[in-house]
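Letter by letter, the chains look like this.
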Amino acid sequence: MLLSELATRIGCRLEIGRGGTGRGAAQAGAVRIERVAGLEDARPGDVTFLANRKYARHVASTRASAVIADASLVSAPCPILRSAHPYVAFADAVRLLNPPPAAVAGVHPLASVDPSATISDAASIAAFVSIGAGARVGARSILHPHVVVGAGAVIGDDCVIHAHASIREGVVLGNRVILQDAAVVGSDGFGFAKRSDGSHQKIPQVGGVVIEDDVEIGAHSAVDRPAVGETRIAAGTKIDNLVQIAHGVQIGQRVLLAAQVGIAGSTVIDDDAVFAGQSGAVGHVHVGKGVIVTAKSGVTHDLKPGQMVSGFPAFDLTEWKKASVEFRRLGRPRPRAVPKARPKGRRRGKR
Amino acid sequence: MLLSELATRIGCRLEIGRGGTGRGAAQAGAVRIERVAGLEDARPGDVTFLANRKYARHVASTRASAVIADASLVSAPCPILRSAHPYVAFADAVRLLNPPPAAVAGVHPLASVDPSATISDAASIAAFVSIGAGARVGARSILHPHVVVGAGAVIGDDCVIHAHASIREGVVLGNRVILQDAAVVGSDGFGFAKRSDGSHQKIPQVGGVVIEDDVEIGAHSAVDRPAVGETRIAAGTKIDNLVQIAHGVQIGQRVLLAAQVGIAGSTVIDDDAVFAGQSGAVGHVHVGKGVIVTAKSGVTHDLKPGQMVSGFPAFDLTEWKKASVEFRRLGRPRPRAVPKARPKGRRRGKR
Amino acid sequence: MLLSELATRIGCRLEIGRGGTGRGAAQAGAVRIERVAGLEDARPGDVTFLANRKYARHVASTRASAVIADASLVSAPCPILRSAHPYVAFADAVRLLNPPPAAVAGVHPLASVDPSATISDAASIAAFVSIGAGARVGARSILHPHVVVGAGAVIGDDCVIHAHASIREGVVLGNRVILQDAAVVGSDGFGFAKRSDGSHQKIPQVGGVVIEDDVEIGAHSAVDRPAVGETRIAAGTKIDNLVQIAHGVQIGQRVLLAAQVGIAGSTVIDDDAVFAGQSGAVGHVHVGKGVIVTAKSGVTHDLKPGQMVSGFPAFDLTEWKKASVEFRRLGRPRPRAVPKARPKGRRRGKR
């Protein structure tokens, strides 16, 4: 793809960088772009990008044929693809230059599909996929090898379900849902009633799970079903690997849950919240819209919209940062208080 | 099922609530119950429950046809199913109103069963199940699609093994064991001997793993096998999702391990202990009977029976709570101490 | 195997222990050894080992026929197999006495192998394995049931891939790589660009993943692929269960990552570093050679070679230990300062 065409299709303005002396934008735009690459790895024929300030120092030495950047980049040794949202433009460029391989529609002869299941003719069902009674799979959805779809489960259109994912009985996935390898949706919630002898009686987990449109769930993440009611993940939410979503949790739209996050039972998370890696929330709390929970933190009570919290139990991020600095000081030798009336002529080091 | 029958079968006394004016218990008991539902979701025809004080305020507005509760609930707009153990009664009600679908006994034609394996005629073996040489599967056990049973492994009676679970060679499961999707039992422990050149030599992990009766293991949890001896999980213990049980760990009866807990190698946990979410224990420690470890905490030394601990390194819960309050204060501006006899006319800022 | 032969093959010197009065080394060496066992479990016919000081008190009562130990063990009730590296000798003994079952070379009739894939005649491909177009599997590599190999992926020689592992498209594994059950290599990195409306646009993750020789990856661990560039795990590194390696991470040689560790995107970890259980590192940081990160800690900035850190944010281990002691004190009643001139006759409790 020519650089000029790429610029147009990802919505960028093509500018001549520091290295451009005589060449015009038209000439620069005639370069053929093969690949997107990082600043340091890029070779001629690659387009690169600057989306994280931390890497700005690498721009001067990049060998890329063009760099996607916002107005903060003053000069570059190659043409600049100027964008107000360089990371989105980068994402577009990766997609344009790496079209997914076409999936072959149809059911592989080594798949096991219950006769009562409804599979779109445009769906792609790989080897060793198992689809239960009454399940439905929508148009253009791709089920990679070893996906298991339980009885009565519904998969919408244009979904991509990677190998070894489990979609348990009755689970509903919307459209354009992506499950990474071995994601589990609809496993039994951890619900037990303690008997008077101290033993635990299993509460059958027979509630539903709904995953709305455009949700992505990472490898080895689990979304549990509840005993009653439902577990729901609203549209556009993205969940990383090894995340635990317990029974009855309600997650809003466009929420981001990084790897190894755990959300305990019946907790409600409103739209646009962000949980960083290895953080979590206890059960039965309400996390307001746009809340940010930093890495390794644990939410133990309701949070108002927009709060940024850290620590365990989690509290205000700014206060936590100060407290953490003080905590660290606890481990250092205490500076001695300066005496009010220090005898003249005596120096500390001399005692 | 009639409410009166339900009451009898779950061991509750049927009482007329606040809304009962002229209707007698007999009349109330004639209502047909279809479903168990939460207080807010329940409709006429549903039975609901109050097991967590936090939700008591929702009782007055519930539309349910009956509510399961203990003596602390004074009145309700519907009949009350009175129980000393409302959560157990609720569990019973869910089970009665949601009988599991009958599994078809027999081996699916797309399963792969070694001729030397012994499968009960009453077991149910789904498509793409793989059973190795010399393995045994007991009566009425259900192996969902894609379960892998290694050579010589033993599965007792009435087990439910969900899709993609791995039961490695030689592992022994008792009766009524439940494995959620993709649980792994018998993976190699993380055992390496450091050579003098700094490289790591694998210690073959050839010990055994025993999972006793009535244990449940969650999705994506792993129970490792040791090099020598065995890893054992005793009867009635329940393990949530994404839990790590390292090689040689010994877990007692009725222990609860919440999601994302990690127990390092050779640690011993006695009966009735509870580990909350994302907590853990280092290797080679002994956790006494009934110990409670709160969320995100980490046990680093032996604990006596009944201790409640928190933090990392974990210590007494009450002290930890106080320390956490003080920690939080470290991040706030210090209140100025009132000076006892401050020299007149002299102000701090002026020095 | 005779004890004398075992001693020779694991490079130990056979010594007569405390119990040896009249018997010579030759006589002791004639004992037949069947098994390796722990100090407490060992029976006559077993060899046991002392590699952890903590268990030294069990030596005196062991029933083993021999004990592997270094010079710190003075006496034993059985012959001693003396070694400068007893843990390595133990590992050798376990391997010698537990040779792995021979895998049958060939492709199981229930496997699904794309005609364009290249499978060594000496490889062993089990039932329900799925191998994509253009993939390659080297000599003597064993793929257990339900392994999925994506298009174009490469598996070297002498690898062992346990059940349910996913090796995604284009991933490259070296020689002698071991993947435990359900390990995932090459899942999509968690990469999204935020659009101006707050929604998240997926950045296609089309970069590569390389796992070098002698790497082991635990059950349920995930190694993500990046959008550009590659994720790489260098030779001899060992990764435990439930570990998250995000997109673009570079891990050096002989690194140890214990269970439930999480390494965020683009972070670089140099050779010989160790991360203990449930610890992690944020993205875009550089962890120097030989750094040790203790359990549950979180690295938030670059670390120099050889640093030992703890806590979150992680700092110097020694300081952290002191700070943790002080933190704990915060939760205790403050000891009252002893007044310099306490009035006579007045007792504390009497006020």
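The rules we used
Residues numbered from 1 in each chain as written. Chains lettered and ligands numbered in written order. Predicted model: local features only at pLDDT ≥ 70, side-chain atom pairs only at ≥ 80, totals over all residues. Heavy atoms only, no water. Helix = DSSP H or I, 4+ residues; strand = E, 2+ residues; numbered from the N terminus. Rg over C-alpha atoms; globule rule 2.2 N^0.38 Å. Buried < 20%, exposed > 50% of the residue type's maximum accessible area, 1.4 Å probe, protein only. Areas by Shrake-Rupley, 256 points an atom, 1.4 Å probe, with all protein chains shown as cover. Contact = heavy atoms within 4.5 Å. Polar contact = N/O pair within 3.5 Å; in protein donor to acceptor, adjacent residues only side chain to side chain. Expected span 1.5 Å × (residues − 1). Pairing = 2+ DSSP bridges. Least-squares fit on C-alpha atoms with pLDDT ≥ 70 in both. Salt bridge = Lys/Arg side-chain N within 4 Å of Asp/Glu carboxyl O. pLDDT = per-residue confidence, 0-100. Buried area = accessible area lost by both parts, 1.4 Å probe. Axes fitted to C-alpha atoms, helices over the stretch in contact; angles between N-to-C directions. Parallel < 35°, antiparallel > 145°, perpendicular 65-115°, else oblique. Nonpolar A, V, L, I, M, F, W, Y, C, P; charged D, E, K, R; others polar. Disulfide = S-S within 2.5 Å.

Focus: the overall build of chain A
Then step 1. Helix and strand counts for chain A come out as four helices and 38 strands.
Then step 2. In terms of C-alpha radius of gyration, chain A reaches 27 Å, well past the compact-globule figure of 20 Å for 351 residues.
Then step 3. If one aligns the C-alpha atoms of chain A with their principal axes, the spans along those axes are about 95 × 80 × 30 Å.
Then step 4. The buried share among the 351 residues of chain A stands at 56%.
Then step 5. Surface summary for chain A: the accessible area is close to 14500 Å², and the carbon and sulfur share equals 54%.

Brief notes about the environment of Arg 232 of chain C
All names here are of chain C.
Then step 1. Tracing the chain through its elements places Arg 232 in strand E25 (residues 230-233).
Then step 2. Discounting chain neighbours no more than four positions away, the residues touching Arg 232 are Val 210, Glu 212, Val 249, Gln 250 and Ile 251.
Then step 3. A distance of 2.6 Å separates the side chain of Arg 232 from the side chain of Glu 230, its partner in a polar contact.

Focus on helix H4 (residues 317-330) of chain C
Then step 1. Taking 1.5 Å per residue as the helical rise, H4 of chain C with its 14 residues ought to reach 20 Å, and the 20 Å between its terminal C-alpha atoms agrees with that figure.
Then step 2. Within the sequence span of H4 of chain C, burial applies to Leu 317, Trp 320, Ala 323, Ser 324, Glu 326, Phe 327 and Leu 330 of chain C.
Then step 3. In this structure, the buried residues of H4 of chain C make contact with helix H4 (317-330) of chain A, strand E38 (315-316) and helix H4 (317-330) of chain B together with strand E37 (308-310) and strand E38 (315-316) of chain C.
Then step 4. The N-terminus of H4 of chain C is capped by Asp 316 of chain C, whose side-chain oxygen sits 3.1 Å from the backbone nitrogen of Thr 318 of chain C.

Examining the sheet that holds strand E35 (residues 292-293) of chain B
Across a sheet, strands are paired by hydrogen bonds formed along the backbone, either parallel or antiparallel in direction.
Residues and elements named next belong to chain B.
Then step 1. Pairing is mixed in the open sheet, where 12 strands are placed in the order E6-E9-E12-E15-E18-E23-E26-E29-E32-E35-E37-E38. Two strands in the sheet have a free side with no partner beyond their single neighbour: strand E6 (106-107) and E38.
Then step 2. With two bridges connecting them, E35 and strand E37 (residues 308-310) associate as parallel partners. Its bridge partner lying in E37, Ile 292 is registered against Met 308.

Concerning the relation of the copies chain C and chain A
Then step 1. Least-squares fitting of chain C to chain A yields an RMSD of 0.0 Å, with the superposition described by an axial translation of 0.0 Å and a rotation of 120°. A rotation of that kind, with that shift, is consistent with a three-fold axis.

Structural notes on the pattern of salt bridges
Residues and elements named next belong to chain C.
Then step 1. Inspection of the entire model under this criterion finds 63 salt bridges over all chains.
Then step 2. A salt bridge links Glu 5 to Arg 9, with the shortest nitrogen-to-oxygen separation between them at 3.2 Å. With a gap of four residues between them, Glu 5 and Arg 9 both fall in helix H1 (residues 3-9), about one helical turn apart.
Then step 3. In this structure, the salt-bridge partner of Arg 168 is Asp 188, at a minimum N-O distance of 2.9 Å.

A closer look at unusual backbone geometry
Then step 1. Between Phe 312 of chain B and the following residue, Pro 313 of chain B, the backbone shows a cis peptide bond with an omega angle of -5°.
Then step 2. With respect to the element layout, Pro 313 of chain B can be found in the loop between E37 and E38.
Then step 3. Residue Phe 128 of chain A is not a glycine yet carries a positive backbone phi of 65°.
Then step 4. Take Phe 128 of chain A: its relative accessible area is 1%, and that puts it in the buried class.

Describing the confidence of the model for chain A
All names here are of chain A.
Then step 1. When pLDDT is averaged across chain A, the result is 92; 92% of the residues are at 70 or more.
Then step 2. Low confidence marks residues 345-351, where pLDDT is under 50. Its contacts with residues over four positions away, or in another chain, come to three contacts.
Then step 3. Across the interfaces of the predicted complex, the ipTM metric reaches 0.92, alongside a pTM of 0.93.

Considerations on the interface of chain B and chain C
Then step 1. Between chain B and chain C, the residue contacts involve 64 residues of the former and 57 residues of the latter.
Then step 2. For the chain B and chain C pair, buried surface summed over both sides reaches about 4400 Å², with 64% attributable to carbon and sulfur atoms.
Then step 3. Where chain B packs against chain C, one counts three salt bridges.
Then step 4. Two residues, Asp 181 of chain C and Arg 168 of chain B, come together in a salt bridge whose shortest N-O distance is 2.6 Å.
Then step 5. Taken together, the connections running from chain B to chain C amount to 26 residue pairs in polar contact (both at pLDDT 80 or more).
Then step 6. Elements supplying a minimum of two residues to the side of chain B that touches chain C: strand E19 (184-188), strand E20 (192-194), strand E21 (200-202), strand E24 (222-225) and H4 of chain B.
Then step 7. Per-element accounting of the side of chain B that touches chain C gives the leading share, eight residues, to H4 of chain B.

A look at the interface of chain C and chain A
Then step 1. Chain C puts 64 residues into the contact, and the matching count from chain A is 57 residues.
Then step 2. Of the roughly 4400 Å² buried at the junction of chain C and chain A (both faces included), carbon and sulfur atoms supply 64%.
Then step 3. Interface area lost by chain C to chain A is led by Phe 190, His 200 and Val 228 of chain C, which between them contribute 15%.
Then step 4. Joining chain C to chain A, the criterion identifies three salt bridges.
Then step 5. Scanning the region where chain C abuts chain A turns up 26 residue pairs in polar contact (both at pLDDT 80 or more).

A look at the pairing of strand E22 (residues 208-211) of chain B
All names here are of chain B.
Then step 1. Where strand E17 (residues 172-173) and E22 come together, two bridges link them in parallel fashion. Each residue of the ladder has a partner; that of Leu 173, found in E22, is Ile 211.
Then step 2. Judged from the four bridges that link them, E22 and strand E25 (residues 230-233) form a sheet pairing that is parallel. Paired with Ile 211 across the strands is Ile 233, a residue of E25.

Quick word on the sheet that holds strand E33 (residues 280-281) of chain B
All names here are of chain B.
Then step 1. Read across the open sheet, the 10 strands follow the order E7-E10-E13-E16-E19-E24-E27-E30-E33-E36; overall the sheet is parallel. With partners counted over all chains shown, the strands left at the sheet margins are strand E7 (112-113) and strand E36 (298-299), one partner each.
Then step 2. Sheet analysis places strand E30 (residues 262-263) next to E33, joined by two bridges and oriented parallel. The partner of Ile 263 across the bridge, within E33, is Ala 281.

Re the packing of H4 of chain B against H4 of chain C
Then step 1. Interaxial distance between H4 of chain B and H4 of chain C falls to 7 Å at its minimum, and their mutual angle equals 105°. Put simply, H4 of chain B runs roughly perpendicular to H4 of chain C. Side by side, H4 of chain B and H4 of chain C meet where Glu 319, Trp 320, Lys 322, Ala 323, Ser 324, Glu 326, Phe 327 and Leu 330 of chain B of the first sit next to Phe 327, Arg 328 and Leu 330 of chain C of the second.
Then step 2. A breakdown of the residues in the contact of H4 of chain B with H4 of chain C according to their chemical character gives six nonpolar, one polar and four charged.

A word on the side chain of Gln 278 of chain B
Then step 1. Summarising the element assignment, Gln 278 of chain B is placed in the loop between strand E32 (274-275) and E33.
Then step 2. Judged by relative accessible area, which is 10%, Gln 278 of chain B ranks as buried.
Then step 3. A polar atom in the side chain of Gln 278 of chain B sits 3.3 Å from the backbone oxygen of Gln 260 of chain A.

Let's talk about the environment of Thr 231 of chain B
Residue and element names in this part refer to chain B.
Then step 1. Turning to its location among the elements, Thr 231 is positioned in strand E25.
Then step 2. Taking the C-alpha atoms as reference, Thr 231 lies 5.1 Å from Val 249; in sequence the two are 18 residues apart.
Then step 3. At a separation of 2.7 Å, a polar atom in the side chain of Thr 231 contacts the main-chain carbonyl oxygen of Asp 224.

Side note on the environment of Arg 195 of chain B
Then step 1. The residue Arg 195 of chain B is located in the loop between E20 and E21 in this model.
Then step 2. Each C-alpha atom of the pair Arg 195 of chain B and Ile 142 of chain B lies 45 Å from the other, and the pair is 53 residues apart in sequence.
Then step 3. Beyond its immediate stretch of four places on either side in the chain, Arg 195 of chain B contacts His 200 and Gln 201 of chain B together with Val 88 of chain C.

With respect to the pairing of strand E19 (residues 184-188) of chain A
The side chains of a regular strand alternate, residue by residue, between the two faces of the sheet.
Residues and elements named next belong to chain A.
Then step 1. By the criterion of burial, E19 is predominantly enclosed, with five of the five residues buried.
Then step 2. Here two bridges tie strand E16 (residues 166-167) to E19, and the two strands are oriented parallel to one another. Counted as the bridge partner of Ile 167 is Val 185 from E19.
Then step 3. Inspection of the sheet shows E19 paired to strand E24 (residues 222-225) by four bridges, in the parallel sense. Bridging across to E24, Val 185 finds its partner in Val 223.

Here's the deal with the state of the cysteines
Then step 1. Using the criterion set out here, one finds zero disulfides over all chains in the structure.
Then step 2. For the unlinked cysteine Cys 78 of chain C, the closest cysteine sulfur is that of Cys 12 of chain C, found at 13 Å.

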